[in-house]
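Spelled out from the first residue to the last, the chains are:
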Amino acid sequence: MNLYGVRAIYNFEMARMRRTLMQSVASPVISTSLYFVVFGSAIGSRMGDINNISYGAFIIPGLVMLSLLMQSISNASFGIYMPKFSGTIYEVLSAPVSYVEVVLGYVGAAATKSVILGVIILLTARLFVDYDVLHPFWMFAFLVLTAITFSLFGFIIGIWADGFEKLQIIPLMIVTPLVFLGGTFYSIDMLPEVWQTVSLFNPVVYLISGFRWAFYGVSDVHVGISVGMTLLFLTACMVGVWWIFKTGYRLRS
Amino acid sequence: MGIIAAEAKLSKSAPVVRKYRALIHHQQDKPVQPDISVKHLNKVYADGFRALKDINLDIERGEIFALLGPNGAGKTTLISIICGIANISSGEVKAAGYDIVKDYRKARESIGLVPQELHTDSFETVWGAVSFSRGLFGKPPAPEHIEKVLKDLSLWDKRNSRIMSLSGGMKRRLMIAKALSHEPQILFLDEPTAGVDVELRRDMWEMVRKLRENGVTIILTTHYIEEAEEMADRIGVIRQGEIILVEDKAQLMSKLGKKELRLHLQQPLETIPGQLALEPVELSKDGYELIYTFDSQQEQAGVARLLRTLGDLDIEYRDIQTRESSLEEIFVGLVNE
Ligand SMILES: Nc1ncnc2c1ncn2[C@@H]1O[C@H](COP(=O)(O)OP(=O)(O)O)[C@@H](O)[C@H]1O
Ligand SMILES: [Mg+2]
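Throughout this description, residue numbers start from 1 for each chain and increase along the sequence as written. In the order they appear in the text, chains get letters beginning with A and ligands get numbers beginning with 1. With the structure being a predicted model, the display of local features is reserved for residues of pLDDT at least 70 and the display and counting of side-chain atom pairs for 80 or more, all residues being used for whole-chain, interface and lining totals. Side-chain numbers here rest on the full set of heavy atoms in the structure, without hydrogens or water.

- If you look chain A up in an unreviewed UniProt entry, it shows as Transport permease protein from Marinobacter vulgaris.

**Some points on the interface of chain B and chain A**
In step 1: Contacts are residue-level and defined by heavy atoms, with any inter-residue pair within 4.5 Å sufficient. Contacts between chain B and chain A engage 30 residues on the former and 26 residues on the latter.
In step 2: Put simply, buried area is the surface a 1.4 Å probe can reach on two separate parts but cannot reach once they are joined, added for both. Regarding the contact of chain B and chain A, the summed buried area is about 2,500 Å², with carbon and sulfur atoms giving 58% of it.
In step 3: Here, a salt bridge means any side-chain nitrogen of Lys or Arg that lies within 4 Å of a carboxyl oxygen of Asp or Glu. At the junction of chain B and chain A, the tally comes to 2 salt bridges.
In step 4: Here a strand is any run of E in DSSP of at least two residues, a helix any run of H or I of at least four, and the numbering for each starts at the N terminus. Among the elements of the structure, helix H3 (104–109), helix H4 (126–136) and helix H6 (168–180) of chain B are those that each provide at least two residues to the side of chain B that touches chain A.
In step 5: Charged residues are taken to be Asp, Glu, Lys and Arg, nonpolar residues to be Ala, Val, Leu, Ile, Met, Phe, Trp, Tyr, Cys and Pro, and polar residues to be all remaining types, Gly included. Here the side of chain B that touches chain A is composed, by residue class, of 14 nonpolar, 7 polar and 9 charged.

**A look at the sheet that holds strand E7 (residues 186–190) of chain B**
All names here are of chain B.
In step 1: Reading across the sheet, the 6 strands line up as E6-E7-E8-E3-E9-E10 and stay open at both edges, with mixed pairing between neighbours. Of all the strands in the sheet, just strand E6 (111–114) and strand E10 (242–248) have a single pairing partner and so form its edges. Strand-to-strand twist of the sheet, defined as the mean angle between neighbouring strand axes without regard to direction, takes the value 15°.
In step 2: DSSP-based pairing: two strands are paired if at least 2 bridges between them are found. For E6 and E7, the ladder comprises 4 bridges, and the chain directions are parallel. From the neighbouring strand, Val-114 faces E7, where its bridge partner is Leu-189.
In step 3: Contacts between helix H2 (residues 75–83) and the sheet are confined to strand E3 (64–68), E6, E7, strand E8 (217–222) and strand E9 (234–239), with E7 contributing the most and set at about 150° to the helix.
In step 4: Only the stretch in contact is used when fitting a helix axis, every axis being a line fitted to C-alpha atoms; angles between N-to-C directions are given from 0 to 180 degrees. On top of the sheet, helix H7 (residues 198–213) reaches E3, E7 and E8; it is set at about 150° to E8, its chief contact.

**So, the coordination of the magnesium ion (ligand 2)**
Residue and element names in this part refer to chain B.
In step 1: Here a donor is an N, O or S atom found within 2.8 Å of the metal, or within 3.2 Å if the metal is Na, K or Ca; sites may look incomplete because water is not among the atoms. At the metal site, the magnesium ion (ligand 2) is ligated by Thr-76 (OG1) and Gln-116 (OE1), and these contacts range over 1.9 to 2.2 Å. With Thr-76 in helix H2 and Gln-116 in the loop between E6 and H4, this residue pair connects regions lying 40 residues apart in the sequence.
In step 2: When accessible area is computed with a 1.4 Å probe and restricted to protein chains, residues below 20% of their type maximum are described as buried, those above 50% as exposed, and intermediate ones as partly exposed. Taking relative accessible area as the criterion, Thr-76 reaches 30% and is therefore assigned partly exposed.

**Focus: the packing of helix H5 (residues 99–128) of chain A against helix H6 (residues 136–160) of chain A**
Residues and elements named next belong to chain A.
In step 1: Where H5 contacts H6, the two axes come as close as 8 Å, and the packing angle between them is 135°. It follows from the interaxial angle that H5 and H6 lie oblique. Both H5 and H6 take part in a crossing whose hand is right-handed. Mapping the contact onto sequence places Val-102, Val-103, Tyr-106, Val-107, Ala-110, Ala-111, Ser-114, Val-115, Val-119 and Leu-122 in H5 and Met-139, Phe-140, Leu-143, Val-144, Ala-147, Ile-148, Ser-151, Leu-152 and Phe-155 in H6.
In step 2: Among the residues forming the contact of H5 with H6, the class breakdown is 17 nonpolar, 2 polar and no charged. Between 65 and 115 degrees an angle is taken as roughly perpendicular, under 35 as roughly parallel, over 145 as roughly antiparallel, and anywhere else as oblique. Less than a right angle of anticlockwise turn of the near helix away from the far helix marks a crossing as left-handed, whereas a clockwise turn marks it as right-handed.

Below, the structure is given as structure tokens:
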């Protein structure tokens, strides 16, 4: 195992985050705060409790998930896209690092950033809403697993993308709608039956549901299913990354 | 002797020369294995383009090998494959004795690469970038080594500068520093002096010689012949994905080079005397110079015959010069074949 190599990539990526601190931390924190102001305080005060949880508290897990998904994807996709774009990837390709090590470095750093960010957002939320975490261990487990899964997903996007538009398009066109329709702002069983069924095809529903369960002990789907689905996505992304490295897809000509 | 004849000779003798070399290797060279060994290497790019065709090449430890060839010949492709940046289509490559696919870690640890293009991270500092490279190649931190590399490359003063503030020449030095950060046994320099000013070029040649003294094997590609001529122990010529020749530089020069004999005459001649009509002789415009071109592989009999004839004709000369053709001329002859 080339631990120095993993560390080099990891530290390089973390340094990149420090350089872009404003972008990496400030902007998600600001946008999340705006959600709390608008949905939590302004609108939320006129909304009834859902499952005995105040509306402001209800939306916290979903909002954290929203940032977590977006940040994981953008951190990881940029992390690998930039060296590809600038050509510095040659060095990683010519280095004695296995693909597991490359992934550990890039995805590890991206996931670390997202987890840090998730925690920061949770702390920010505390300024607006009072909430408790019923199952801190599971809350953190969901946070970490989701960060890893979607960092892997972002890594795949970063390798697939051959232009900056493509980098943006998936988070914007797919992930954002999935998160908004995934029960961030409502409970799935508030929907008409047909849409409840449709929602079950939305992977984000399972993430948010499980995450919310960790906070408040209530969920749209059983938490076991949430954990299972999260692990399933994780596995799918790992297989995707494995395939990329095995075939050299878009990395080695 | 005309260029065409020389080439015909060359293309026939090259495989023989190669075989001969192989023979020497088996008999005389001790079990020292080559640092780079390429066997039946083919490269077909995704678009179906055959960039390398059955490349066979051994590069010995500690030598400076120049891979010479026109643009698009496949130099960068060959280097990229050896360094792990491009995939092999078929064939086998070993670096420092390790298969570059099966034993990629050991193979790559021993290689440093300075790519043709300047690829750098703008925001990183010089020190950070070089330290990163060392770590990436699996070596524990060694500030003293990095300091030495930076000083050798006149980058020490810039160690805390961001890369984007460096000039082109400094960036090129930085690429070299990165390649040397992990103390590689084999160094690839892909067109190191393309677009580089004279001073940096001298520095680089100096550095390459120092590295060689320390036993580093150096492979450089270039399409500047003077570079190969100045630096290399051995020269390989690649053209359209095929290695058409591998030779010791000195032997290449003597075997393939044409020599020119210039006779400065006491009295100008109007025409070439009839007795010399069959010899490859030319007369300069002013009539003061007879130029005799011959293949240096040939016996010197032609020269003796020429001089004797001149003596018989009472043509007096006050000076004789001989000149070997430069690698450039040889090279142009080869690639235009
Ligand atoms: N990724 C690629 N896909 C297809 N063809 C390529 C690729 N890279 C290089 N080539 C082609 O392979 C040939 C050799 O290129 P290269 O190795 O860069 O030559 P050199 O370094 O000798 O100038 C060229 O014709 C080039 O167009
Ligand atoms: Mg090239």
